[in-house]
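Chain by chain, the residues run as shown.
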Amino acid sequence: MQQATSLTVFDQATAVRRRGDGLYDVHPDQRFALVAPGGATPPVVNGGVMIATVLRAVLDGSPLPHPVAASAHFLRVARLAPAQVQVTWLKTGRIAATARATLVQDGHAVLEMTVTTGTVPVSRPASAGTGVGGGSGVGAGSGVGAGSRSGAGSGVGAGSRSGAGSRGGGGEGVGGGEASGDQAAAGDGTGAGDGAGGLAEAGDGAELSWTGAPPVLPPPEDCVNLGPWPGTVAPDGTAGYAGQIVLLLDPAVTGWRFGRPAGEPEMRGYFGLREEREPDAYLLALAVDGLPPVVFGLGATGWAPTVELTWHMRMVPAPGLLRVAARCRHVSGGWFDEEAEVWDSAGNLVAQSRQIARVGRGPLKGARAD
């Protein structure tokens, strides 16, 4: 397991130690528990951190550098104790490789994941000639802007597409390398696999690039710093999840903090780590599950456990704070969905996700139960 003192807390918390034959030792870390141990609420580690941990094991043996698609099923609550990740490769190819990875504690599967790796472009500002990032309304200084909205307060655009594989990816911990140049044709119903049957010729679909409008946020200085919440710090002084991240929320979505939810299941804001660290695939895995549950905007309270989450890496992000916008389409029967987009400081869409989760069991505050 990586032990260098120069590693950030996040890198330490998601570190893996290879034992051989696709088996890795890991340890869910108290520093990313949502609440400190010892209270009435179990010290559940943030789901994005658990996903990032498993991704480290997968990418360690992957022939391709980036997790272009990852689906995670949370089967049990992980304890703050040693665990193992077993990685089995189902298929490897020039364009995509797919693995199954299971995090196990005491012989029981805790997190089951399927991960497809590939190569995604590196984010560049539109002025760099990449053909992406234009029209986003992102300012060069703050990384935010007041451009166009993608619908009524949703901040989430549907059906966005991005040409992939034109450049090898970078980013800390996920490697680099050149793309093969072959790209699966988007939207024609064919699969990627190892490249057979679904490839676009040069100058054809592989060159296609389009992105929906980004979310609009106030400047960071006008946002609400959520800060560490009650229960973040353990009796021994160890800070949990809220003490490790920077979360600056749009004031329009923070009424729930004072018992006055906005009445819309939305969350949006800026996201990063308190320690200086450039965003990469692992931090994107954290960001897609990093905001408060969107149902807080309807008055729900309490821990809202994720049951299943699927996310896609679209680009290697540029340095700087990430902008995350999440919304829900349906809540009923104790279940809710949450879809999120992550945009980087260059104005590019770098990750997308969708999850199904349980509504928290706390009392409704300031909202109708219908």
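Criteria and thresholds
Residues numbered from 1 in each chain as written. Predicted model: local features only at pLDDT ≥ 70, side-chain atom pairs only at ≥ 80, totals over all residues. Heavy atoms only, no water. Helix = DSSP H or I, 4+ residues; strand = E, 2+ residues; numbered from the N terminus. Buried < 20%, exposed > 50% of the residue type's maximum accessible area, 1.4 Å probe, protein only. Contact = heavy atoms within 4.5 Å. Areas by Shrake-Rupley, 256 points an atom, 1.4 Å probe, with all protein chains shown as cover. Polar contact = N/O pair within 3.5 Å; in protein donor to acceptor, adjacent residues only side chain to side chain. Core = buried A, V, L, I, M, F, W, Y, C linked by side-chain atoms within 4.5 Å. Pairing = 2+ DSSP bridges. Salt bridge = Lys/Arg side-chain N within 4 Å of Asp/Glu carboxyl O. Phe/Tyr/Trp six-rings, centres within 6.5 Å; stacked < 30°, edge-to-face > 60°. Lys NZ or Arg CZ within 6 Å of the ring centre and 35° of its normal. Expected span 1.5 Å × (residues − 1).

Enquirer: Please explain the overall build of the protein chain as it appears in this structure.
Expert: From N to C terminus, the protein chain includes three helices and 16 strands. A buried classification covers 52% of the 370 residues belonging to the protein chain. Counting contacts in the protein chain only where the partners sit at least 6 residues apart, residues at least 24 apart contribute 70% of the total. As displayed, the protein chain offers around 15800 Å² of accessible surface, 51% of which is attributable to carbon and sulfur atoms.

Enquirer: What's the story with the side chain of Glu339 in this structure? I'm lost.
Expert: Relative to the helices and strands, Glu339 is located in strand 15 (residues 335-343). The buried category is assigned to Glu339, whose relative accessible area is 12%. In terms of polar contacts, Glu339 uses its side chain to reach the side chain of Arg327, at 2.8 Å. In terms of polar contacts, Glu339 uses its side chain to reach the side chain of Arg354, at 2.3 Å.

Enquirer: Please clarify how the nonpolar core should be interpreted in this entry.
Expert: Across soluble globular proteins, nonpolar side chains have a tendency to be buried as a group. Core analysis: the biggest nonpolar cluster contains 72 residues, and Phe271 and Trp311 have the highest contact counts within it. The element that contributes the greatest number of residues to this core is helix 2 (residues 47-60), accounting for nine residues. Excluding anything up to four places from it in sequence, Phe271 contacts Tyr241, Ile245, Val246, Leu247, Leu283, Leu286, Ala287, Gly290, Leu291, Leu321, Leu322 and Val324. Listed in part, the five residues of the second largest apolar core include Cys223, Val246, Leu248 and Tyr270.

Enquirer: Mind showing me how you'd approach the environment of Val44 here?
Expert: In this structure, Val44 sits in the loop between strand 2 (23-26) and helix 2. For Val44, a relative accessible area of 11% translates into the label buried. Note: C-alpha distance between Val44 and Pro28 (16 residues apart in sequence) is 9.3 Å. Apart from the residues lying within four places of it in its own chain, the contact partners of Val44 are Phe32, Ala33, Leu34, Val77 and Trp303.

Enquirer: Explain the side chain of Thr8 here, please?
Expert: Here Thr8 is to be found in the segment before helix 1 (9-13). Within polar-contact distance, the side chain of Thr8 engages the side chain of Asp11 at 2.8 Å. Residue contacts for Thr8: discarding those within four places in its chain leaves Glu275, Glu276 and Arg277.

Enquirer: Which parts of the structure should I look at to understand the pairing of strand 3 (residues 66-74)?
Expert: On a regular strand, each side chain points to the face opposite its neighbour's, so the side chains alternate between the two faces of the sheet. One ladder, built from eight bridges, connects strand 3 with strand 6 (residues 108-118); its direction is antiparallel. What sits directly across from His73, in strand 6, is Glu112. Bridging between strand 3 and strand 12 (residues 306-313) involves four bridges; their strand directions are antiparallel. By the bridge assignment for strand 12, Ser71 is matched with Thr310.

Enquirer: Sorry if this is basic, but what is going on with the pattern of salt bridges here?
Expert: Tallied over the full model, the rule gives 13 salt bridges. Of the charged contacts in the structure, one is a salt bridge between Arg268 and Asp250, with a shortest N-O distance of 2.9 Å. Placement of the pair is Arg268 in strand 11 (residues 266-273) and Asp250 in the loop between strand 10 (245-249) and strand 11, with a sequence separation of 18 residues. Residue Arg268 is classed as buried on the basis of its relative accessible area of 8%. The class of Asp250 is buried, set by a relative accessible area of 7%. Of the charged contacts in the structure, one is a salt bridge between Arg327 and Glu339, with a shortest N-O distance of 2.8 Å. Within this pair, whereas Arg327 is found in strand 13 (residues 322-327), its partner Glu339 is found in strand 15, the two being separated by 12 residues in sequence. One salt-bridge network, held together by shared partners, links Asp11, Arg56, Arg277 and Asp280.

Enquirer: Teacher, can you tell me more about the packing of aromatic side chains here?
Expert: The relation between two aromatic rings is expressed through the spacing of the ring centres and the mutual angle of the planes. Counted according to the given criterion, the structure contains three aromatic pairs. Here a set of aromatic residues connected by ring pairs shows up, and it is made of Phe10, Phe32 and Tyr241. It is Arg56 that lies over the ring of Tyr282; its NZ or CZ is 4.0 Å from the centre. Over the ring of Trp335 we find Arg358; its NZ or CZ atom is 4.6 Å from the centre of that ring.

Enquirer: What is the right way to look at the environment of Val359 in this model?
Expert: Mapped onto the fold, Val359 is located in the segment after strand 16 (349-358). Val359 sits in the partly exposed class, given a relative accessible area of 22%. Spatially, the C-alpha atom of Val359 lies 8.9 Å from that of Gly333, the residues being 26 residues apart in sequence. When residues no more than four places from it in sequence are discounted, the contact partners of Val359 are Ala300, Val331, Gly334, Trp335 and Phe336.

Enquirer: It is not clear to me how unusual backbone geometry should be interpreted in this structure. Could you clarify?
Expert: Peptide bonds are, in most cases, trans, and in most cases residues other than glycine have a negative phi. Its identity is not glycine, yet Asp21 carries a phi of approximately 55°, on the positive side. Locating Asp21 in the fold gives a position in the loop between strand 1 (17-20) and strand 2. Although it is not a glycine, Asp106 sits at a positive phi angle of roughly 50°. Looking at the element boundaries, Asp106 is found in the loop between strand 5 (97-105) and strand 6.

Enquirer: Please explain helix 2 as it appears in this structure.
Expert: In a regular helix each residue adds 1.5 Å, so 14 residues correspond to 20 Å; helix 2 covers 20 Å between its end C-alpha atoms and thus fits that length. Of all 14 residues that make up helix 2, 13 are buried, and the element is covered over most of its length. At the N-terminal end of helix 2, a side-chain oxygen is found 2.8 Å from the backbone nitrogen of Gly48, two or three residues along, and the residue is Asn46.

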